[in-house]
Amino acid sequence: MNIHKPWLALEIGNSRLHWGLFLGETLDCTWNTDYLPDSVIQQLGNGRTLDNFPAKIFTLPCPLPLVIASVVPSQTALWQSYPNVKVITLENVPLKNTYPTLGIDRALALWGAGIKLGFPILVIDAGTALTFTGADSQQNLVGGAILPGLGLQFATLGQKTSQLPQLEMQTFTSLPPRFAQNTPDAIQSGVIYTLLAGIKDFITAWWDLYPNSKVAIKGGDRTLLFNYLQTLYPEITARLIVEPNLIFWGIATSNYHL
Ligand SMILES: Nc1ncnc2c1ncn2[C@@H]1O[C@H](COP(=O)(O)OP(=O)(O)OP(=O)(O)O)[C@@H](O)[C@H]1O
Ligand SMILES: CC(C)(CO)[C@@H](O)C(=O)NCCC(=O)O
Ligand SMILES: [K+]
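The structure displayed is predicted, hence computed values, not measured ones.

Focus on the pattern of salt bridges
Close approach of charged atoms allows side chains of opposite charge to pair.
Here is step 1 of the chain: In this structure the tally under the stated criterion is 2 salt bridges.
Here is step 2 of the chain: The residue Lys56 makes a salt bridge to Asp28 at a minimum N-O spacing of 2.5 Å. A residue pair is termed long-range when its members are at least 10 positions apart, and Lys56 in the loop between helix 1 (38–45) and strand 4 (66–70) and Asp28 in strand 3 (residues 26–33) qualify at 28 residues.
Here is step 3 of the chain: Judged by its relative accessible area of 38%, Lys56 is partly exposed.
Here is step 4 of the chain: Across the salt bridge formed by Asp125 and Lys218, the nearest N and O atoms sit 3.0 Å from each other.

Quick look at the structure:
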């Protein structure tokens, strides 16, 4: 591959799309969009670009080659019409000891983090689902865990109960009182303190196994969780790496060639 050749990486998550523009092997810039309707995907395939794409794409030869990593097959299917598209599968990720249904996002983030930061490594993805995924020094998947992400926990409480309101996370500023005296604070307290204690427990359990391992956190809720963790468990955040682009690192370094 020409070292300056431009191409697009697209990670299809369960909430939205995450885009990366590469120039050769270098990640030039990233942005997020909502899912796109079929008509817009057709336009992109015909070489047009979108208002909320970076302006520099206008200067590049479109349609750009596209590499997709997706955990949403129905969304992947919409891109099959794109003229130069490749879909990354687990076989393209050199990570060892994987199981067949492992999410490609988890495999790529783990691989990218390990290659750049070193193995062993633990990756926390604070996305729609919150996941822990670890690998040992031999680049074997050790395993991990999956639970509802922060937004999903609030959404579920709001939707599946009669008396609980739907909380909007954009309004959160600092930690709520743990023993709360109103309903929104009580929901925040329950979800947030329990999640933070769980994250701390998983990280310390990982460090019992791999004392010198790096731990990295990604995903849409990474900053909020990091800030809360810093208040409650500063000894953990001192060793926690916040890195939104682990999957793009993984795409760039998987044994995948355009
Ligand atoms: N602009 C935004 N749109 C949607 N979610 C956002 C936004 N900003 C922050 N978030 C938070 O990001 C979380 C979703 O994370 P992310 O976008 O990484 O998920 P995703 O695209 O579904 O990826 P994954 O499939 O890896 O979970 C939500 O809980 C939400 O609180
Ligand atoms: C857990 C999610 C939803 C996180 O995006 C994704 O990685 C996925 O659908 N995984 C499949 C199941 C697994 O990883 O074991
Ligand atoms: K499902």
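With respect to the UniProt feature "binding site: ATP" (unreviewed entry) in the chain
Here is step 1 of the chain: The positions UniProt marks with the feature "binding site: ATP" (unreviewed entry) are Glu11, Ile12, Gly13, Asn14, Ser15, Arg16, Leu17, His18 and Thr128. Look at the named residues: they lie 118 residues apart in sequence, but the longest C-alpha span between them is just 13.5 Å, so in the fold they bunch up.
Here is step 2 of the chain: By the element assignment, Ile12 lies in strand 1 (residues 6–12).
Here is step 3 of the chain: A residue is classified by how much of its surface remains accessible, and Ile12, at 0% relative accessible area, is buried.
Here is step 4 of the chain: If we skip the residues at most four places from it in the chain, Ile12 touches Leu17, Tyr35, Ile68, Ala69, Ser70, Val71, Val72, Gln75, Thr76 and Trp79.
Here is step 5 of the chain: Examined against the element boundaries, Asn14 turns out to sit in the loop between strand 1 and strand 2 (17–23).
Here is step 6 of the chain: Asn14 gets classed as exposed once you look at its relative accessible area, which sits at 52%.

What counts and how
Residues numbered from 1 in each chain as written. Chains lettered and ligands numbered in written order. Predicted model: local features only at pLDDT ≥ 70, side-chain atom pairs only at ≥ 80, totals over all residues. Heavy atoms only, no water. Salt bridge = Lys/Arg side-chain N within 4 Å of Asp/Glu carboxyl O. Helix = DSSP H or I, 4+ residues; strand = E, 2+ residues; numbered from the N terminus. Buried < 20%, exposed > 50% of the residue type's maximum accessible area, 1.4 Å probe, protein only. UniProt positions renumbered as here; feature names shortened; annotations may be inferred. Contact = heavy atoms within 4.5 Å.

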